[in-house]
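What follows is the residue order along each chain.
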Amino acid sequence: MPTLNYLYMPKLCLECSEKIIGREDKKFCNDSCRNAYNNKINKDSTNYMRNINNKLRKNYRVLLELNADGKSKTTRSKLILKGFDFDFFTNVLKTNTGNTYHFVYDQGYRLLENDYYMLVKKEL
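The rules behind each value
- Residues numbered from 1 in each chain as written.
- Predicted model: local features only at pLDDT ≥ 70, side-chain atom pairs only at ≥ 80, totals over all residues.
- Heavy atoms only, no water.
- Pairing = 2+ DSSP bridges.
- Helix = DSSP H or I, 4+ residues; strand = E, 2+ residues; numbered from the N terminus.
- Axes fitted to C-alpha atoms, helices over the stretch in contact; angles between N-to-C directions.
- Core = buried A, V, L, I, M, F, W, Y, C linked by side-chain atoms within 4.5 Å.
- Buried < 20%, exposed > 50% of the residue type's maximum accessible area, 1.4 Å probe, protein only.

Topic: the sheet that holds strand β1 (residues 71–75)
Pairing in this open sheet of five strands is antiparallel, and the strands run β1-β5-β4-β3-β2 from one edge to the other. A strand with exactly one partner marks an edge of an open sheet, and here the two such strands are β1 and β2 (91–94). Each strand of the sheet is rotated relative to its neighbour by a mean of 30 degrees, with strand direction disregarded. Relative to strand β5 (residues 116–121), β1 is paired through five bridges, and the arrangement is antiparallel.

A closer look at the nonpolar core
A general tendency of soluble globular proteins is for nonpolar side chains to be buried together. Of all hydrophobic cores here, the largest spans 12 residues; its members are L56, V62, L63, L66, L79, F84, F86, F88, V104, Y109, Y117 and L119. Contributing elements (two or more residues each) for this core: α2 (43–66) and β5. Looking at which element gives the most residues to this core, the answer is α2, with four residues.

Honestly, that's just the spatial picture; any functional story needs more than this.
Below you can see the structure in the form of structure tokens.
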């Protein structure tokens, strides 16, 4: 039976290409390289999600500011002036009476007449 001679090939870090010392299944030489590598890989999706989450947080702050009492009215122009973006909300609630509320977490709004909006807080 022939003997097999394997050449030892050291594993190299996926980020910096330094030799890896330690466990056989390690892919990175240290935590910094692991974090840098994963940040590069996830950069586009992370930025996209970060931008959406920032818009949701902004909308939430606007609704919270204008709806301090848990139920109030405001105008579309006031919402827009404060930076509210109507394209970003977390869920929609349709009531039995046919009203549609858009929510940003527990803060909601419903279109009334003449560009007025009813603001509500969902009790959790």
